[in-house]
Every structure is written in structure tokens, then in C-alpha cells.
Amino acid sequence: MMEERLPGWKELPEGAVVRDAGNTETIDVSGWRVFKPVIIDEKCTRCRLCWIYCPDGAIIEVIDEKAKMGKRYEVDYMHCKGCGICYAECPVNAIEWVPEER
Amino acid sequence: MALKEVGPMQEIRNHMQIPRDEYIAGGHSACQGCGHFVIIRHLLKAAGPNTIVVNPTGCVEVVTTVFPYSSWKVPWIHVAFENGGAVASGVEAAVKVLQRKGVLPKDEQINVVVFAGDGGTVDIGFQSLSGMLERGHKVVYVLLDNEAYMNTGIQRSGSTPFGAWTTTTPVGKRWKGEWRVRKDMIQIAVAHHIPYAATINPAYPVDMYNKMVKALKAEGPAFLHAYSPCPTGWRFDPAKTIEVARLAVLTGYWVLYEYDHGQYKVNVPVLKRKPIREFIKIQGRFRHMTEEQIKKLQEIVDEYVETINKLVGKTVIGPVAE
Amino acid sequence: MGPPQMSLVEIRWHGRGGQGAVTASEIVAKAAIAQGKYAQAFPSFGVERRGAPVEAFTRIDEKPIYIRSKIYEPDIIVVLDPSLLGPKLAEGLKEGGMAIVNTEKTPDEVRKLLGREDVKVAVVNATKIALETLKRPIVNTAILGAFAKATGLVDLDALLEAVKEKVPPRTVEANLEAVRRAYEEVVMG
Amino acid sequence: MRAVPRLALTTNYAVAHAAKDSDVDVVAAYPITPSTPAAEKLAEFVANGEMDAEYIHVESEHSAASALVGASATGARSFTVTASQGLVYMAEVLYIASGLRLPIVLGVASRALSAPLSIWGDMHDIAVLRDAGIVTYFVSSAQEAYDTVIQAFKVAEDPRVHLPAIVDYDGFVLSHVTEPVETLEKEEVLKYIPKKITWNTLNPKHPISMGTVGDPDWYYEFKYQQQVAMENALKVAEEADKEFGKAFGRSYGIVEPFMMDDAEVAVIAYGAHAGTAKVAVERARKEGKKVGLIRLRLWRPFPVPHMRKLLDNVSVVGVLDRAMSLGAPRQGPVALDVMAMYASDPQNAPKMASYTIGIGQRDVRVEDILTVIDQLLEFAKGKEVPEKTVPIGLRE
């Protein structure tokens, strides 16, 4: 297989700036995880602390009219590194800590 | 009934009001459980999109901006390790003159925020910070304090606490970890006659968020000293970042207080302090400590608490209660 | 006396730190430049301390001046402080050159003190003029009046303009008076 | 006809006037001899409202450069003055300014480097910045300094370049000498250098990240871009000078030949002492000596074709350097450049001699340069050129 060719100097932006800033969003860090958080929606009180404390912005607050209190919490597994803060901080044990299987 | 989320630059009554918009993207390569990013996420929420970030060299810079990637959804610049204060001064001055000359919109506040580590602030960047504070640039300077040089692999800084193991204060026959007392950056910042300075802690998100808003609204330089646990350098389980941060407050090791236009106020009173042992026992960096060293650290904390009680004129942080 | 025959004229100023020798050297350059000439003025580069003997330099030419070395063989020396007078001051002064001196002495006495019979001398009691006009012994503007008259290198009007721009606003009138009086009172011999 | 104000200014003041007339937005300056009067004059302009700029009273030169990086990265036309230890203290940040491709302009009143402490002039300071990716001019008069600061903004802000620029003027020998300067009106200067942000800036409307990490997969390409920008700067600087001449009647070229048409030997000089060398060459010519002078005005990028055109036909060249590259094959930094120019074409090379002169402001006299000229003429007649750099005015 051919090695991917990176852009040459003529094609690169001046001064190594990143114009489409925020593009680490495209990076998948799921491989960092050994365990993963799984939110048990029925137990969740929507206290929002997992969302507050996540260093990776990997808890997503989903607005959903049909859900309890009009919203629910999901894990963005592409960006969750499996640190376990959400699991440790959840006051009602609504997050399970599940071994990652690949 | 939950309160509605607020827009940027507005104080909140509870954490339900913190805005949903994110200005730092996931996918960065910070360690699992990095305290820095809890703090950065919220500050950018408080500041909103009209914000320019200056980021001296350190963990945050390295893990967010490896070309061709960046996690920052607001304009961001890194120049060097020791000049965050000076670069921010230049950005702020440029915004001012370019607004005056009509090159940038005159009626929009553009926030200038520095995120710097303890190395870039208390040590190598100290002079540049002092210049920025003394000259009165309207900049919010956030010290993300993880109490050592973590980016280069856990070397001691002027912010490393008494007793802590680092790779340059190793535990050996003669040395038993750090033996000096860390700098008091709030007092140093206040000595520059700035309008606002405060300690913040990610385990107390509402207090943290409101102090960020106050800092952003200050008419001059504002200094936020953020306590930022580092699972890698402090040797604890990444899941315990918030727990460690909370224990720092509950033991009086880290008092949440502010200096607001001449007035000191403790924002999170702790009437019965937990012993410092509770804080250090879950961190590997203190594992080697002898009873004598623990006693000494307790004395250092007691003295720190006493200083702050004196500043506010009453006992807001109480005695240790087992 | 008309301007010297050669086109480049080099002037060395002698005073004490704080007397304004450097300013005087600049005012002359400024006046010459205003008249459309080319000029350079520079201090003896280094640390100037009040009271210590100081030197300053001026070059004037009809053409652009390219040389950047110090002045070793001046055409003219200007002495702001009579207590400096002595043979050392005349070092390098060109044969037949000129000395302009703030002194109560006569030109002949000055020649003797300088140890140079060949030089032309212009004398003026600039200290007295300064005390009467400025009420202070700051002699650099007074000596300029003598300089203009004795050398003809700068016009009195151009000189007065340059003085106006260089001295503190409150002292303009007194300084101009000092220049005018010295212009009148200078004695050449 | 343009009304031309003809002022009597030191080079320090001329440089400050040029920054004012270029409508500089941000000045960050820290006093250091011999550039201090320029920093003071700029403060005076801002204090009087003659200049609408933010003046940042930084606590060090390092912070001066850093603040200007911040200001330039925000879109401000940014300027400072410094010298000596101050310039060297800025060096770290100036490399970064170049890497970030920011068009900051600096006036440098060149001065020796400690130790021993010397407040006096030579070019050891600027020599440290030689490889930083900064467009670097040497000027020879206050007028040229004024004109060149304005040209420097033109070059630095040109999209083909986007690099910092330094206008280097000899400490004291230029910085403190009062001489005639014709200044320009801000309006006409701004026609020549319009305020247009052509470089990458930090704007909340279009957020970008500047100063990223360049790992081994990327760093090389960005360094090479800087080299290309430097190469472009040669042409851009020449254009800028020509356009300046057209607009204002003064131009200098990027190398200035003097009496070179039939010269057999040539002297290369730069800065203030190029003026003294001119006088020496004129005098030597009167004695029938076929010598010419090449004044180097743009040091980086090095004007190879311009130099080659002038040097290919002389038999000997002597380079007068005011800095010593200690331990190098020749001490003179410019001499090293001149020699390297012929590395791939030795058959067309003149004999090349390296001299150091004016170190630590040892005075440079016409006689010193006449000595050099006589030596060059002897080399032309067959005498061997010394292997080592020849110090002029040094006591044994």
C-alpha cells in the first residue's frame, strides 16, 4: 500500500496556522479507553454533573421532548477517553463502568 | 423547575444555567481526567465567542494544537513559555487601538484570556505577568495550577507543595520530596492593585463560573488561580480528579476566596476542616511522607487558613475536626 | 570675516557637563540645515556627567556629508567655560583656525593661554550676558551669537529660529536676547 | 510641488518620526542605550496626540517583542526600537515572530555586546539575529533610516514576504548624530503603505490557531516557507525602494555602488562607516587608485545577484565588518557571505579579504580605510591575501 502523502510546503498555510480550528473533533480517542461509561437513563436525574465535570466535553446534553424533563445525557464515545470522572461523580449511580471490548 | 441557561458574561444561580455552547473541541490529547480542561471549558462558556486566547507553552498548548489540528473554536495564540502576560498585553492593546480606529467593531467587547500553567506563571513567566498586571491591561489571566512542570514530566515548580515528590524533588537519602512552601500568587497578584483576583476549583462549578464572569467583567486585569488536579503527576486514579479537588477545599489546603475591589471574601466556608491527611492519602506524590512531614504540612495549611481568616476578619475556615 | 574657504567646516565644542555644549552644537547644525546646508552634530559618545569637561562636534558643508569619524583637526573650537582654557584645548586646531571663547580676557591673552599665535580669536563675556538675560549662568545660547558673528556660517535669523525651537518655551525671549547681545558684543582679534 | 519639511534630526528621532508617519498602531519599548531617545520620542508623540497608538511600557525587551507579536497577530502595525543586550534578549521571540510570519518592524541602534560592558556601537547584536528569518537593512544616514523604516513596513507586510524587518543603524555614530531629514506627511506615506491587514490575525469572526506544534512531519516545510519568503523579500525590497523613489524622489538600491565602473579593487562596507569609506575612496581615486565601494544596504536576504554583478569584474575585494563571528573561518559575518557567494563558481571569484573595523566603537578614520585600500591594491598586484581576518585599529 502507498504511504499517504502529506501536503508539501507550497500547499501548507503560512506560519503553521490552523484555519479550521476545532478540528480535533474529527479525532477519535476512543482507543484510550479500557472502561467505558454507560448512562442508565432511567436512573439519571438530569443533575448535569457528568456534563459539568467531563474534561473532554464527551457528555452530550440532548434536547428531547419525549425524554424525562425534556432532555437526556449521552456519551460521545468518539471523544470519551474513559477517565471515569462521570462515573465517580454521579450522585445516583446512574453511570455504569463497563470494560471496553473491541 | 430548572433555571434557564444564560448567555455568555452572565452570572448564574445554579449549574443548570451554564450555557451549553462549547468553544473547546474534544479529541484533544490531554491525559485522562485532566483538570485543566474542566476549567477551560467553563471559562470559554462564560466568555463566549468574542474571546482571544493566549496560551503560553505547557500541557494545554501541546495537547490542543498539534498541526494540522486545533481544539480551539476561538482565536488562539501560543508564542513561548515565559511571555503569556506580555503577549496578552499586546493583544489587548491592539484590540483597543484597532477598535478606536474602527478596524475592529467598536461596540463589541473582545475578551483577552490567558491560560497558563504554574511554570509559565509563578516561575519563568512571573516577570511578564507582573508587567501585565501592573500596567492594567484588561486581561483575564488564568493560572492552571497543577503544582509542577507536568508538560516536561513532573518537575518541581515554585508552586509545588511541601512534601510533594517530583522528578526534581525525588525521595532519596537526603531529600524527601519538596521541602519549601509554595508561592502565594493571589497575594502577589493583589499587590499589583488589580481590581479582581480569586481562587477557583473545578469541584465547585457555580463558584468557579461566577468568578470567571466577574473576572471577565472587571475593568482591569483579573487573576484567577485555578486548582487543577493532575492524575499523571500527582499519582491518583483519573476518576478522582474532582474528588481530589474537593478534598483540597475541605481540608483547607485550597481556600475558595476572592479579592474584589479591595474586599476579601471567602466564598466556600469550611467550618470543620478535614485533616490534611485526607487530602494527601489518595495521592501517590505524598506517599513517602513521614508523620513529621505530615505534621509540618498540616501546620503550613493551618497558617494559610489563618492568613485568610485574618484577611476577611473572621473565622470562615474553621479548625480541623477529625 | 567670511566663511572659511574650504567647503567642509569642522567645529569642536568644549564645555562642562550641564552647560549645554551639546545643545549648542545641535542648534548650529539645525540653523545650517534650515538654511539649506548640510550639517552633522554629535556629542562625544558616552556618559555625560554634570561638571565634567565635555566635547561636542559639528560639521557644516554645502554638500552632503559622508564622513562619520570623530573630528580630530577642527577648523573652529568654541569654548563655553573660561576655566578650561589651556594648550590642550587647541589640540589639532588647524593652522590659522579660529577659537571662540566665553571670557573676560582679550584675544591676545586667549592666544597666549592656548599657546597658539596663529589662530584667530573671538571673545565674548557670555557668562555676564547669560546672567543678565537668563538670570542663570547658562552660556550656550549667548556663545551662539558670538559664533554666528565670528564665523558667518549661519545667519542670525536662522540661528534665532533654531534657538527658539530648542530652548524651554518660558525662556525663549531671554535666550534670543542673549544671542542678539553676544552677536553685538563679540570682539574679534 | 510637495512641501518638504526639512528637519534636523538624529537617526533615533528620524526612526521615531518614520514610525509616527507610518501610523503605527502599537509601540512596545524598553529603554536601552543608544536607542533610548527613539523610545522617548515615540512616547512624546503618543503623549502629545501626534500619534494615535498604544504605547506599552513593557518591563523588558523580551516582553517588548512578545507584546508586539500579540499586537501584530491581532492586526496592529507594530514597532519597537532596541539595541545590544536588548536585541539579544528579544532574539527568542523574534525567531517566533518570523515563524508566525508577523510583519513587525524594529529599529536597532546597533551596539556591542557584553562582556566587557560596552554601551558603544558595533554590530555584534544584529549579527546574533542573522539567521532568524528577519529582513535586515543597514542604513548609512538619518534620512535613509527614516525612508527605510517606511520601506520596511512595505516589505514586511507584502503577502510574498510576511516577515519581521529590522532597520539597523549604528549606535551613536548614527543614532546620536543630528543631520538633515526630509520627512513626509502621514497621508502620502499611507498611500505608499496602505493600512491593510494581509497577514493571519486573531479575529473572533474567523477564529484561527497560531503558534501550533510542528512535529517532524511538518516543521521542515514551515521552515522552508520562511526561506522562500526571505528569497522573495529580495525582489520585494527592490521594488519597494523603486516605488519609494518614484513617489518621494529618494531611492537607494539594495546595494549601492560608488565609483565601481572601472574599479579594479572594491571595498564592501555597510552602515555609518560606508560614508567614511566613500570619502576614502574619493581620496584614493584622486591619487589614481582604481578602487570602488559597494555599500551593502540589505543584509538579509543577501543580495547575491546584485553583489555578483558588481564583483565579478574586480580582482580583489575587501569586506569591512563591524562584528566578529568568533571561531568562524573568517570573523566578518558579511565577509563569510561574500565568500560563500562564490563557493560554486570559484573561477569567477575575486581575491577576497576580510577586515574587522570599528569594534566597540573604535573610531573609523578615513586613513584606516585608505590603509585597507592600499593593501587591496597590493593583493591585486599578486601579494597573497591573508588567510585570517585582518583587524584594523587593533593594538598589538
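Because the structure is a prediction, the values reported are computed rather than measured. (Residues numbered from 1 in each chain as written. Chains lettered and ligands numbered in written order. Predicted model: local features only at pLDDT ≥ 70, side-chain atom pairs only at ≥ 80, totals over all residues. Heavy atoms only, no water.)

1. Considering the overall build of chain D
Consideration 1: A tally of regular secondary structure across chain D gives 12 helices and 16 strands.
Consideration 2: Against the globule reference of 21 Å for 396 residues, chain D gives a C-alpha radius of gyration of 21 Å, in line with a compact fold.
Consideration 3: When its C-alpha atoms are laid out on the principal axes, chain D stretches across 70 × 55 × 45 Å.
Consideration 4: Buried residues in chain D amount to 66% of all 396 residues.
Consideration 5: A separation of at least 24 residues holds for 81% of the contacts in chain D among residues at least 6 apart in sequence.
Consideration 6: Accessible surface, chain D as shown: approximately 13900 Å² in total, 53% of it carbon and sulfur.
Consideration 7: For chain D, the centre of its 40 positive side-chain charges and the centre of its 51 negative side-chain charges are spaced 4 Å apart. (Helix = DSSP H or I, 4+ residues; strand = E, 2+ residues; numbered from the N terminus. Rg over C-alpha atoms; globule rule 2.2 N^0.38 Å. Buried < 20%, exposed > 50% of the residue type's maximum accessible area, 1.4 Å probe, protein only. Contact = heavy atoms within 4.5 Å. Areas by Shrake-Rupley, 256 points an atom, 1.4 Å probe, with all protein chains shown as cover. Lys, Arg positive; Asp, Glu negative; His and termini not counted. Charge placed at Lys NZ, Arg CZ, Asp CG, Glu CD.)

2. Considerations on the UniProt feature "domain: Thiamine pyrophosphate enzyme TPP-binding" (unreviewed entry) in chain B
Consideration 1: The feature "domain: Thiamine pyrophosphate enzyme TPP-binding" (unreviewed entry), as annotated in UniProt, sits at residues 57-225 of chain B in this numbering.
Consideration 2: The span residues 57-225 of chain B is 34% helical and 14% strand by assignment, and the distance between its end C-alpha atoms comes to 17 Å. (UniProt positions renumbered as here; feature names shortened; annotations may be inferred.)

3. Regarding the arrangement of the chains
Consideration 1: Among the 4 pairs of chains that make contact, the interface with the largest number of contacts is formed by chains B and D.
Consideration 2: There is no contact between chain A and chain C; across them, the least C-alpha separation is 41 Å.
Consideration 3: These two, chain B and chain C, are apart from each other, with no contact and a minimum C-alpha gap of 29 Å.

4. Description of the layout of surface pockets
Consideration 1: Here the second largest pocket defines a volume of roughly 740 Å³.
Consideration 2: Taken together, 27 residues make up the lining of the second largest pocket; nearest its centre are L8(C), I67(C), V279(D), R283(D) and V366(D).
Consideration 3: Looking at which element gives the most residues to the lining of the second largest pocket, the answer is helix α9 (residues 272-286) of chain D, with 5 residues.
Consideration 4: Residue composition of the lining of the second largest pocket, by class: 11 nonpolar, 2 polar and 14 charged. (1 Å grid on protein atoms, 1.4 Å probe; cavity = no way out; pocket = protein on both sides within 12 Å on 5 of 7 lines; lining within 4 Å. Points joined across faces, edges and corners; volume = space filled by probe spheres on them. Nonpolar A, V, L, I, M, F, W, Y, C, P; charged D, E, K, R; others polar.)

5. Looking at the interface of chain D and chain B
Consideration 1: Each partner contributes to the interface: chain D provides 44 residues, whereas chain B provides 45 residues.
Consideration 2: It is E54(D), P204(D) and V213(D) that lose the most area in chain D upon contact with chain B, and together they represent 18% of the buried surface on that side.
Consideration 3: Our enumeration of links across chain D and chain B arrives at 7 salt bridges.
Consideration 4: Here K96(B) and E54(D) are joined by a salt bridge, their closest N and O atoms 3.8 Å apart.
Consideration 5: Sorting the residues of the side of chain D that touches chain B by element identifies β3 (54-56), α3 (61-73), α4 (84-99) and β9 (209-210) of chain D as the ones contributing at least two each.
Consideration 6: Considering every element that reaches the side of chain D that touches chain B, the biggest residue donor is α3(D), with 8 residues.
Consideration 7: Its residues placed into classes, the side of chain D that touches chain B shows 23 nonpolar, 12 polar and 9 charged. (Buried area = accessible area lost by both parts, 1.4 Å probe. Salt bridge = Lys/Arg side-chain N within 4 Å of Asp/Glu carboxyl O.)

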